[in-house]
Amino acid sequence: MNNDLVLRLDGAQPLSATSVEELAGLCDRAEDHREPGPVTIHVTGVPSADWSEGLTVGLVSKWERAVRRFERLNRVTVAVASGDCAGTALDVLLAADVRIVAAGTRLLLSWAGGATWPGMTLHRLTQQAGASAIRRAVLLGTPIEADRAIALNLVDEVSDDPATTVAELAEAAGAVDGAEVAIRRQLIFEAGSTAFEDALGAHLAAADRALRRESAS
């Protein structure tokens, strides 16, 4: 696994310009790196109660755009989580293609202004698990335990040996073309909100691209 494409993100640290720069830098390296393989982020931590002091909407917007860029990279993205995860740690975890958590991991929404933070993680939670499944987490701040996260398809695996799981994923991801990954991910994103007739053209275009690549190989 290429260490240039690995980032360790501490969710206990408040959102800052440094957070944006670190994630953007990872995306830069992923886009510049020619060899195949996944982008991996290790996340853990919950921000303190005063994490939002001095925070501006402008900085939040920059962070959300960086997370969205990570979410749309032309590579398989992997998040490995441990302990309690909230804030930036949860943001990135829910934006990854593959989510691996250690036993005992919990997903939590951070707090600000007397309630849970209403960032795009709330949007991702609802899209991925459904409104009724995450209502208590969003409205009351109830932690989502690892087993519950698995049941809701918010994470893919609870592992006692995340390093081995990541190594196996890296080998599998090395055989997948990055541009093709991005196309299929976009088809997944659009499937929930696009009618069959409207989606057909995009799927046919992707199929035609795959056939042309097969013929050329």
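As named in an unreviewed UniProt entry, the chain is Veg38, taken from uncultured soil bacterium.

(A) Fine view of the nonpolar core. In this structure, L23, I41, F70 and L107 are the most contacted members of the largest nonpolar core, which totals 45 residues. Contact partners of L107, with chain neighbours within four places excluded, come to C85, L90, L93, P143, I144, A149, L154 and V155. Counting seven residues, the second largest nonpolar core, distinct from the first, contains V80, V98, I100 and V166.

(B) Structural detail: the packing of aromatic side chains. Counted under the stated rule, the structure contains one aromatic pair. Taking 5.1 Å as the distance between ring centres and 80 degrees as the angle between the ring planes, the aromatic pair formed by W51 and W117 counts as edge-to-face. Residue W51 is located in the loop between strand 2 (39–45) and helix 2 (57–71), and its partner W117 is located in the loop between strand 7 (115–116) and helix 4 (120–129); the two are separated by 66 residues in the primary sequence.

(C) Inspection of helix 4 at higher detail. Within helix 4, burial applies to T121, R124 and L125. Burial along helix 4 is one-sided: seen end-on, the buried residues are contained in an arc of 100 degrees. Where helix 4 terminates, the next one or two residues include G130, which has phi positive at roughly 95 degrees.

(D) Representation of the domain arrangement of the chain. We note that the domain assignment places domain 1 (6–175) and domain 2 (178–215) within the chain. Each partner contributes residues to the interface: domain 1 has eight residues there, and domain 2 has seven residues. Both sides together, the interface formed by domain 1 and domain 2 hides about 530 Å², and carbon and sulfur atoms give 46% of it. Run the count over domain 1 and domain 2 and you get zero salt bridges. At the junction of domain 1 and domain 2, the tally comes to one residue pair in polar contact (both at pLDDT 80 or more).

Analysis parameters
Residues numbered from 1 in each chain as written. Predicted model: local features only at pLDDT ≥ 70, side-chain atom pairs only at ≥ 80, totals over all residues. Heavy atoms only, no water. Core = buried A, V, L, I, M, F, W, Y, C linked by side-chain atoms within 4.5 Å. Buried < 20%, exposed > 50% of the residue type's maximum accessible area, 1.4 Å probe, protein only. Contact = heavy atoms within 4.5 Å. Phe/Tyr/Trp six-rings, centres within 6.5 Å; stacked < 30°, edge-to-face > 60°. Helix = DSSP H or I, 4+ residues; strand = E, 2+ residues; numbered from the N terminus. Arc of directions from axis to C-beta. Domains from an automatic or database assignment. Buried area = accessible area lost by both parts, 1.4 Å probe. Salt bridge = Lys/Arg side-chain N within 4 Å of Asp/Glu carboxyl O. Polar contact = N/O pair within 3.5 Å; in protein donor to acceptor, adjacent residues only side chain to side chain.

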